[in-house]
Amino acid sequence: MPDQASPSEQVLISAETLARDVGTYTILDATVSFPKPRFDGDYRPESGYAAWRGAHLPGSVHADLLGDLSADHPTLHFSRPAPDGLARALAELGVAPGADIVVYDDGGMTWASRLWWMLRNVGIPARVLDGGLARWTALGLPVETGDAAENHATGIRTDLTDRGLWRDREDVIGVVRGDEPGTLVCALDHEQFTGTATTRYARRGHIPGSLNLSAKSLLDDGTLRSASHVAELADAALAGAARPVILYCGGGVSACLVALALVRAGRDDIAVYDGSLEEWAADPALPMVTGTTATESTVTEGKGDA
């Protein structure tokens, strides 16, 4: 599938384009291992390093979203680092200022999208490999195994600033209460949204007033749907939605895939609730609801639960 330009910015790169000159890119593998939940509350993300070591794009390095690319937090597995912390992590990975960065994963593009959103928030351009490792290998393109060559750390950037693309718990409470503008949009699948399926989180359902736009509904055979198709799905799910659109999911991951798709479709009114349901559902004082009310819409193509 060829690259398709967004009305706003180029956020994807095809396997074919990357393969033509793979050695000129700085390639980051953001894969996290995420077993399916066996029971409610069964949330077990694990480092994707072993998977990367088993097969990865030539010259890539593993970017650990559970490690150096996450801030220390007492309860959350994924928590965005401050710009200076992100700068240090990128330097350790050998990401030089001005590098042409490509991010990919072996997990439906969700993990790569989270890292892409983290980079975008501090003004670092990057692109996500459309279809990830699965499409790369399906095309018969070369992979490497084992440990990477010795990594050479770069200097730490001091020019990164927070562009305000994330939201936190208090921001979401303000929207739920009607004190702040915005529309909450859940990126989990329909069964997770309505509370009819086993959940990784403390409680089933969604934040009151949320709309539903499943992250996986925006994929077609593992690659992102066209910008025009995404725009149609978004227009249907978010009709009349007040700005900004605040995306959330379970752990602040699948929501970033929706953000990627919407940015590619030309929307610029998007933020992501970082703590998402891992934080929200764990606090019994915060409201959650199940089912779908007359004021809540859902797009149900596909499934997503990260």
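Not measured: the values here are computed from a predicted model.

Colleague: Explain the overall build of the protein chain residue by residue, including any values.
Modeller: A tally of regular secondary structure across the protein chain gives 10 helices and 15 strands. For a compact globule of 306 residues, the expected C-alpha radius of gyration is about 19 Å, and the protein chain comes in at 18 Å, within 12% of that figure. In terms of overall dimensions, the protein chain has C-alpha extents of about 55 × 40 × 40 Å along its principal axes. Counting only residues that meet the buried cut, the protein chain has 52% of its 306 residues in that class. Within the protein chain, counting contacts between residues at least 6 apart in sequence, those at least 24 apart form 78% of the total. Roughly 12500 Å² of accessible area belongs to the protein chain as shown, and the carbon and sulfur atoms make up 49% of that amount. The distance from the centre of the 25 positive side-chain charges to the centre of the 42 negative ones in the protein chain is 3 Å.

Colleague: Describe helix H4 (residues 110-121), listing the residues and the values that go with them.
Modeller: In this model, H4 (12 residues) spans 16 Å end to end at C-alpha, consistent with the 16 Å of a helix rising 1.5 Å per residue. Burial of H4 is extensive: 12 of the 12 residues sit out of reach of the surface. Residues Thr110, Trp111, Ala112, Ser113, Arg114, Leu115, Trp116, Trp117, Met118, Leu119, Arg120 and Asn121 constitute the buried set of H4. At the C-terminal side of H4, glycine 123 shows a positive phi close to 85 degrees.

Colleague: Can you explain the pairing of strand E13 (residues 245-248)? Please cite residues and give values.
Modeller: Side chains Val245 and Leu247 project from E13 onto one buried face, and the interleaved Ile246 and Tyr248 project onto a second face that is buried too. Bridge count between strand E9 (residues 183-186) and E13: four bridges; the pairing is parallel. Each residue of the ladder has a partner; that of leucine 184, found in E13, is isoleucine 246. In the sheet, E13 pairs with strand E14 (residues 270-273) via three bridges, with the strands oriented parallel. By the bridge assignment for E14, valine 245 is matched with isoleucine 270.

Colleague: Let's hear about the state of the cysteines: which residues, and what values?
Modeller: Counted under the stated rule, the structure contains zero disulfides. Here cysteine 256 is not cross-linked by a disulfide; its sulfur's nearest cysteine counterpart is in cysteine 249, at 6.8 Å.

Colleague: Break down the confidence of the model for the protein chain for me, citing the residues and quoting the values.
Modeller: Interpretation of the predicted coordinates at a detailed level should be avoided for regions scoring low in pLDDT. Taken as a whole, the protein chain shows an average pLDDT of 92; of its residues, 92% reach a score of 70 or greater. Ignoring residues within four places in sequence, the model shows residues 1-8, a span with pLDDT below 50, making 24 contacts including any to other chains. Contacts for the low-pLDDT stretch residues 294-304, under 50 throughout, to residues beyond four places or in other chains number 41 contacts.

Colleague: So what's going on with the pattern of salt bridges? Which residues, and what values?
Modeller: The tally for this structure, following the rule as stated, stands at 15 salt bridges. Residue aspartate 40 is joined to arginine 204 by a salt bridge in which the shortest nitrogen-to-oxygen separation is 2.9 Å. In this pair, aspartate 40 is assigned in the loop between strand E3 (32-33) and strand E4 (46-47) and arginine 204 in the loop between helix H7 (190-194) and strand E10 (211-213), connecting sequence segments 164 residues apart. Under the relative-accessibility criterion, arginine 204 is labelled partly exposed at 32%. Among the charged side chains, a network of salt bridges with common partners joins Arg80, Arg114, Asp168 and Asp274.

Colleague: Mind laying out the nonpolar core, listing which residues take part and the relevant values?
Modeller: Residues Leu115, Trp117 and Leu247 are the most contacted members of the largest nonpolar core, which totals 81 residues. Sorting elements by how many residues they give to this core places helix H9 (residues 254-264) first, with nine residues. One finds Ile13, Ala15, Trp52 and Trp136 within the second-largest nonpolar core, a separate group that totals 12 residues.

Colleague: Please give an account of the sheet that holds strand E2 (residues 26-29) that cites residues and values.
Modeller: Whenever strands of a sheet pair, they do so through backbone hydrogen bonds, lying parallel or antiparallel. Sheet architecture is open: five strands sit in the order E1-E7-E6-E2-E5, paired in parallel fashion. What marks the edges here is a single partner per strand, and that holds for strand E1 (12-13) and strand E5 (61-62). Across the sheet, H4 is in contact with E2, strand E6 (101-104) and strand E7 (126-129); its angle to E7 comes to roughly 175 degrees.

Colleague: Account for unusual backbone geometry, naming residues and giving values.
Modeller: With an omega dihedral of -5 degrees, the bond running from arginine 243 to proline 244 counts as a cis peptide bond. Topologically, proline 244 is positioned in the loop between helix H8 (227-237) and E13. Of note in this structure, methionine 109 is not a glycine but carries a positive phi near 75 degrees. Structurally, the position occupied by methionine 109 is in the loop between E6 and H4. Backbone geometry at serine 276 places phi at a positive 45 degrees, although glycine is not the residue there.

Calculation rules
- Residues numbered from 1 in each chain as written.
- Predicted model: local features only at pLDDT ≥ 70, side-chain atom pairs only at ≥ 80, totals over all residues.
- Heavy atoms only, no water.
- Helix = DSSP H or I, 4+ residues; strand = E, 2+ residues; numbered from the N terminus.
- Rg over C-alpha atoms; globule rule 2.2 N^0.38 Å.
- Buried < 20%, exposed > 50% of the residue type's maximum accessible area, 1.4 Å probe, protein only.
- Contact = heavy atoms within 4.5 Å.
- Areas by Shrake-Rupley, 256 points an atom, 1.4 Å probe, with all protein chains shown as cover.
- Lys, Arg positive; Asp, Glu negative; His and termini not counted.
- Charge placed at Lys NZ, Arg CZ, Asp CG, Glu CD.
- Expected span 1.5 Å × (residues − 1).
- Pairing = 2+ DSSP bridges.
- Disulfide = S-S within 2.5 Å.
- pLDDT = per-residue confidence, 0-100.
- Salt bridge = Lys/Arg side-chain N within 4 Å of Asp/Glu carboxyl O.
- Core = buried A, V, L, I, M, F, W, Y, C linked by side-chain atoms within 4.5 Å.
- Axes fitted to C-alpha atoms, helices over the stretch in contact; angles between N-to-C directions.

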